[in-house]
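Overview (structure and organization)
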Amino acid sequence: MSAKRKIEVALAGNPNSGKTSIFNALTRAKQSVGNWPGVTVERKEGRFVFEGHETKVVDLPGTYALDAYTLDERVARDYLTCEKPDAVVAVVDASNLERNLYLVAQLLELGAPVIIALNMMDVARSRGLEIDIDRLEKVLGVKVVPTVASKGVGIERLQQVVHDIHRDAPPPGLPISYGDDIEGGLAQLTEAVRAAWPDRTEGARWWALKLLEGDSDALALLAGDGAENALREVLDKVRTGLEKHIGADVETAVVERRYGFLNGVVRECTRRLPGVAGRLATSENIDWVVTSRWFGIPVFLLLMWGTFQLVFTAGAPLADIVDTFFGWLGGATGSVLSAARAPDWLVSLLTEGLIGGVGSVLVFVPNIVILFLVISLLEESGYMARAAFVMDRFMHLLGLHGKSFIPMIIGFGCNVPAIMATRTLESRKDRMLTVLVNPLMSCSARLPVYILFTGVFFTRQRGLVVFTLYLLGIVLAVLVARLFKRVFFKQEVAPLIMELPPYHLPTFRSVLTHMWERAWLFVRKAGTVIALASVLIWLLASLPWGVEYASESSIIGRLGGLVAPILKPAGFGYWWAAVSLAAGVVAKELVVATLGAIHGGVAGGLNQVLSRSFTPLSAYGFMVMSLVYIPCVASVAAIWRETNWRWTALAVGHTIVLGWLLAVLIYQVGGLLT
Amino acid sequence: MIRRILAEIRAGTTTVQELSRKFGVEESALQGMLKFMVHKGLVRELHPECRPKGCKGCRNQRECQDWPITGYEVTRGQDQA
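Quick caveat: nothing in here was measured; it's all calculated off a predicted structure.

This part takes up the overall build of chain A. A count of helical and extended segments in chain A gives 29 helices and 10 strands. A total of 674 residues make up chain A; the buried ones form 57% of that total. Taking the intrachain contacts of chain A between residues at least 6 apart in sequence as the baseline, contacts between residues at least 24 apart amount to 73%. Carbon together with sulfur atoms contributes 63% to the accessible area of chain A, which is approximately 28,500 Å² in total.

So this is what it looks like as C-alpha cells:
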C-alpha cells in the first residue's frame, strides 16, 4: 500500500459502546457534520494525522447488527458495501462483549478489514471480567486494541494500528462456520449469487447469507428477471431443504448459530475475577431467595407483614401526638369562638364539622408517611420489581394474564392511575378483566379506616389484621378475575420475560422525595375534597334547623336510616355507619371523615362510640366492606372512560354485592364459631 | 439456543437474569436475542406508556413510573421459531 495514500476508516459499534468518545478522541476538533445521502441520519466525519499520514474517519450510526431492520442499520450497511473503507474500527463495549461481538461477526462476514477497539475496559474489570486480548485476536483473526476512551487510554495505540494500514491492509478475519447443513446450502447459494450478480462476486457469501436470512434488501434485488430467476430458484430450494432439515425458520437458525459461536468466543477469551465474582454472586444469591418459586411469595408476605407492623409500632406514638393536637385545636377553637359570642352553628361547623372531619383523617398521616417510606425504600432498592415478578408467577399459575399485575400493584397506591395503566395491555379482554378487579386492591385511602378500627378492636394485632386485609384484596382480585375470565373471557395467557433492575442502596434524598410526594397528595386531598365533604356532612347533620346535631332526625340520619337495615345482618346496621360508607363513595377517606364529623372526631369520642356499637367481628366486616364495596367516584369515572357503561355497572354492582356478602358472612359465620 | 430460550419463556414467566444464568449467556447478548425475537414477532416489548403521546404531561406519570416494569411478552399464536 502506498505510504502517502490518504486512507478512510469507518467507526462502527453498538449504541452506548463509547463510539462517539473514540471518534472524539481520535479526531479531536477536526470534525464535520452532515447527513447521510437521502436520509436524515447524521453523518460525522473527522481526520487525524499520525506520523505524517492523514486518516479520514467516518462515524457510522450506532447499530447492534447489519440487518435491514432499522434505518441506521441500512445506512451503515450501504456505506460498508458500496464505499468499502480501508478498514472498519469496531468499537466494542468490553463489559458487554458477547452482544457487541455480534456486529463484529457480521462485519467479518461482510469481508470488512476489522480492527477492534475494545472499549470500557475499566468497566469490564470493575464487573470482574478479565479478557485475554491475545486469545481474542487469534480466535477472531483481527487486531484488538484495549481502550478507555473517556480517559484517552489506548487512543494512541489505536491511531498507530490504524496508521499501519498505510503499510499493510488488516487481515479479513476468520469466517464463522454455521454447521454442515447451513454451510452446504450457503455454498450452493454463493455460487448462484456469483453467477447471477457478477458485480457482487467479492461479497458473494455475504449476499448469499443475507438471502438465506430473508433480508428484505437482499430479496428486493431478486425483483429482476433472467439471472435473478435462477438465483430465486436456488434460494427457494435451499431454504425449503434447510427448513425441513432443521425443523425451524432458517433465519432463526443462522442467528442462533452466530450467537452460539460468539458465546464460545467469550467463554474461551474471558474469565471472572474471584473478588468481584463473589460480589455478583451475593446479588444472585439474594435473587435466588426472593424470586424463587418456594421462597418468593413467603418473603413477599413477610415483608408486607413487617411493613404493617412498622406502620403501627412506629406510627402509633406520632399519631397520638397529632390526635392530641386536633383535640386541643377543636377545644381551643370552641372556647375562643364562644368567648367571642360566635353563633352556635359556627362553633359546631368549625369544631365538629371541619376539625372533627378533616382531623380524623389527618390523625393517620404519620402511619401513612411510614407506609410510603417503606414502599419507597423497597422500590429504590430494586425489590419491588422482584415482588412484581413473584406475584406475576403466582397469578400466572391461576391462569391470569402476566401483565395485569402491573396495574394491580399500582392500585396499592391509588386505583385511578392503576385503571389507566391497564392501557398497557394490548388485548381488550385483558384490559376489561384487569379494570374490573383493580378496585379490590387496597389503595392508601382505605388505610385510615383500617387504622381507626384496628386501633379500637385489635390493638395488639393491628399490623397483622391490616396485613390480612391487603392480602384479602389480592386474593379476592385473583378469584374474581378467575371467575370473570371463565364467564366472559376465555383465552390463553402470555408469559413475560422481565428485566430486573440491579439491587442498590437507596439514597436518602430519593426515598424522602418519593415519600413526600405521596404524603403531600394525601394531605392535599384532606385539605380540599375531605374538608368540603366534611362541611356538607355537617350541614346535612344539622338540618332541618333546630334538630339535634347528627341525630336520627337530621337529614343525614333519615337518609342513613333508609340504608341501615340492609347492613344489619353484617352487625353494623346503624344510620351513621351507612352514611359513612355512602360518603366513602366520593373518596374512601371520607368514611373516617364522616364518622369523625358525626361523632366529633377521634378525640371527641368516636373511639368510644365505635367500641360500644361494634364487636371485633362486625368491625372486621366493616373494614372488609370498606375494602370491597363500590369503587370511589374517581375510580368509577376511570372505569367508565376505559370501558363502557355495562362494564362500569358490573364493576360497581359486583363490588357492592361482594362487599356486603363478605361482611355478612364474617359476622354471621364468625358469630357461630365464637 | 434461541429456540431453547423461546421454549423456556413459553413455559412461564421468567427474567432476563434467570435466562442468562440458565443458558450461560451474557444478559446483553440475551437482550440481543430478544430483540431478534421482537423482529420475528415471537415476543413483544412491554411499553410502560399507555398513551400515544407517551407519559409526558400525564397526571398519573408519577404513580406509573414508580413501577418501571420493563421486559417482553410472548405473543400468541406464533409456534414456528
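That was the structure; now back to the text.
Before going further, it helps to spend a moment on the state of the cysteines. Residues and elements named next belong to chain A. Evaluated as defined, the whole model comprises zero disulfides over all chains. Cys443 supplies the cysteine sulfur nearest to Cys632, a cysteine that is in no disulfide, at a spacing of 6.5 Å. When its relative accessible area of 14% is taken as the criterion, Cys632 is described as buried.

Across the sheet, which stays open at both edges, the four strands sit in the order β1(B)-β10(A)-β3(B)-β2(B) with mixed pairing between neighbours. Each edge of the open sheet carries a strand with a single partner, namely β1 (14–15) and β2 (43–45) of chain B. The sheet contacts of helix α3 (residues 27–39) of chain B involve β10 (496–499) of chain A together with β2 and β3 (70–74) of chain B, and relative to β2(B) the element is tilted by about 105°.

For the rest of this paragraph, the subject is the environment of A:Asp236. Positionally, A:Asp236 belongs in helix α10 (residues 227–246). Residues A:Asp236 and A:Leu211, spaced 25 residues apart in sequence, show a C-alpha to C-alpha distance of 10.0 Å.

What follows concerns the environment of A:Val161. Residue and element names in this part refer to chain A. Among the secondary structure elements, Val161 is positioned in helix α6 (residues 155–163). Classification of Val161 as buried rests on a relative accessible area of 5%. Put simply, Val161 and Val144 are 17 residues apart on the chain and 9.2 Å apart in space, counted from C-alpha to C-alpha. When near neighbours in sequence (up to four residues on either side) are disregarded, Val161 contacts Ile115, Lys143 and Val145.

Below, the discussion takes up the nonpolar core. All names here are of chain A. Within the largest apolar cluster, 123 residues are counted, with the highest numbers of intra-cluster contacts made by Tyr450, Phe453, Tyr470, Phe572, Trp576, Phe614 and Phe622. Among the elements that line this core, the one with the most residues is helix α21 (residues 462–487), at 12 residues. Once residues within four sequence positions are removed from consideration, Tyr450 is found in contact with Ser442, Val466, Leu469, Tyr470, Met623 and Leu627. Of all hydrophobic cores here, the second largest spans 89 residues; its members include Ala12, Leu80, Ala192 and Ile497.

With that settled, consider a nonpolar patch on the surface. Residues and elements named next belong to chain A. Nonpolar side chains collect at one region of the surface, where Ile555, Leu559, Leu562, Val563 and Ile566 lie side by side and expose about 450 Å² of accessible area between them. Relative to the assigned elements, Leu562 resides in helix α23 (residues 555–567). Overall, the relative accessible area of 65% leaves Leu562 in the exposed class.

A few words now on the pattern of salt bridges. Residues and elements named next belong to chain A. Considering all chains together, one arrives at 24 salt bridges over all chains under this definition. With its nearest N and O atoms 2.6 Å apart, the salt bridge here joins Lys19 to Asp59. Placement of the pair is Lys19 in helix α1 (residues 19–27) and Asp59 in strand β4 (residues 53–59), with a sequence separation of 40 residues. Here Lys19 falls in the buried class, since its relative accessible area comes to 7%.

All names here are of chain A. Summarising the element assignment, Glu51 is placed in the loop between β3 (42–50) and β4. Its relative accessible area of 54% is what places Glu51 among the exposed residues. Put simply, Glu51 and Gln160 are 109 residues apart on the chain and 8.7 Å apart in space, counted from C-alpha to C-alpha. With residues near it in sequence (within four places) discarded, Glu51 still touches Gln160 and His163.

Attention shifts here to the packing of aromatic side chains. Describing an aromatic ring pair means giving the distance of the ring centres and the angle of the ring planes. All names here are of chain A. As enumerated under the stated definition, the model contains 20 aromatic pairs over all chains in all. Ring centres 5.5 Å apart and planes at 80° place the aromatic pair Phe614 and Phe622 in the edge-to-face group. For the pair shown, Phe614 and Phe622 are each scored as buried. In textbook terms, an aromatic cluster arises when at least three aromatic residues are bridged by ring pairs, as seen for Phe453, Phe457, Phe572, Tyr574, Trp576, Phe614 and Phe622. In this arrangement the basic side chain of Arg99 is found over the ring face of Tyr64, its NZ or CZ atom lying 3.8 Å from the centre. The ring of Tyr629 has Lys588 sitting right over it, with the charged end atom 3.9 Å from the ring centre.

Confidence along chain B averages 75 in pLDDT terms, with 67% of residues attaining 70 or more. Mean pLDDT values for the elements of chain B range from 59 in helix α4 (residues 61–65) of chain B up to 89 in α3(B).

This paragraph deals with unusual backbone geometry. All names here are of chain A. For the bond from Leu543 to Pro544, the omega torsion is -5°, close enough to zero to count as cis. You can see Pro544 is positioned in the loop between α22 (508–542) and α23. Its identity as a non-glycine residue notwithstanding, Met120 has a phi of 60°, on the positive side. Relative to the assigned elements, Met120 resides in the loop between β6 (114–119) and α4 (121–126). Even without a glycine there, the phi angle at Arg341 is positive, about 55°. Summarising the element assignment, Arg341 is placed in the loop between α13 (296–339) and α14 (344–362).

Moving on to helix α3 (residues 97–109) of chain A. Residues and elements named next belong to chain A. For α3, spanning 13 residues, the distance from its first C-alpha to its last is 18 Å, which sits close to the expected 18 Å at 1.5 Å a residue. The element α3 is extensively covered by neighbouring structure, given that 13 of its 13 residues are classed as buried. In the segment just after α3, Gly111 is the residue with positive phi, at about 85°.

Before going further, it helps to spend a moment on the side chain of B:Ser28. Looking at the secondary structure, you find B:Ser28 in helix α3. Judged by its relative accessible area of 11%, B:Ser28 is buried. Discounting residues that sit within four places of it in the chain, B:Ser28 has contacts with A:Asn96 and A:Arg99.

Here the focus is helix α2 (residues 71–82) of chain A. Think of an α-helix as turning once every 3.6 residues; residues three or four places apart then point the same way. Residue and element names in this part refer to chain A. For α2, spanning 12 residues, the distance from its first C-alpha to its last is 16 Å, which sits close to the expected 16 Å at 1.5 Å a residue. Inspection of α2 places Glu73, Val75, Ala76, Arg77, Tyr79, Leu80 and Thr81 among the buried residues, and these make up the whole buried set. Looking one or two residues beyond α2, the residue adopting positive phi is Lys84, at roughly 40°.

All names here are of chain A. Counting buried residues along strand β5 (residues 87–93), seven of its seven residues qualify, which places the element largely inside the surrounding structure. Across five bridges, strand β1 (residues 7–13) lies against β5 in parallel orientation. Along β5, the bridge assignment pairs Val9 with Ala87.

Criteria and cut-off values
What you see as residue numbers is a count from 1 along each chain, following the sequence as written. Chain labels run from A onward and ligand labels from 1 onward, assigned in the order the entries are written. Whole-chain, interface and lining totals are the exception, using all residues; otherwise, since this is a predicted model, local features are given only for residues with pLDDT of at least 70 and side-chain atom pairs are given and counted only at 80 or more. Only heavy atoms go into the side-chain values, all of them from the structure, while hydrogens and water stay out. Numbering goes from the N terminus for both helices and strands, where a helix is a DSSP run of H or I of at least four residues and a strand is a run of E of at least two. For every residue, the accessible area obtained with a 1.4 Å probe (protein chains only) is divided by the maximum for its type, and the residue is called buried under 20%, exposed over 50%, and partly exposed between those limits. Should any heavy atoms of two residues lie within 4.5 Å, those residues are counted as being in contact. Under the convention used here, a 1.4 Å probe and the Shrake-Rupley method define accessible areas, while residue burial counts only the protein chains that appear. Note that a disulfide, as used here, is simply two cysteine sulfur atoms within 2.5 Å. In this scheme, strands are said to pair when DSSP sees at least two bridges between them. Simply put, an axis is a line fit to the C-alpha atoms, just over the touching stretch for a helix, and the angle between two N-to-C directions goes from 0 to 180 degrees. Throughout, nonpolar core names a set of buried Ala, Val, Leu, Ile, Met, Phe, Trp, Tyr and Cys residues whose side chains join them through atoms within 4.5 Å. Like-charged residues within 9 Å of one another, or nonpolar side chains (Val, Leu, Ile, Met, Phe, Trp, Tyr) within 5 Å, are grouped into patches, provided each residue has over 30% relative accessible area and no salt bridge. Within this document, salt bridges are pairs made up of a side-chain nitrogen of Lys or Arg and a carboxyl oxygen of Asp or Glu, the two lying within 4 Å of each other. We call Phe, Tyr and Trp rings a pair once their centres come within 6.5 Å, taking the six-membered ring for Trp, and we label the pair stacked below 30 degrees between planes, edge-to-face above 60, and tilted otherwise. Charge-over-ring contacts are defined here by two conditions on Lys NZ or Arg CZ: a distance within 6 Å of the ring centre and an angle within 35 degrees of the ring normal. Confidence of the predictor at the level of single residues is given by pLDDT, which spans 0 to 100. Under the convention used throughout, the expected extent of a helix is 1.5 Å for every residue step, that is, one less than its residue count.

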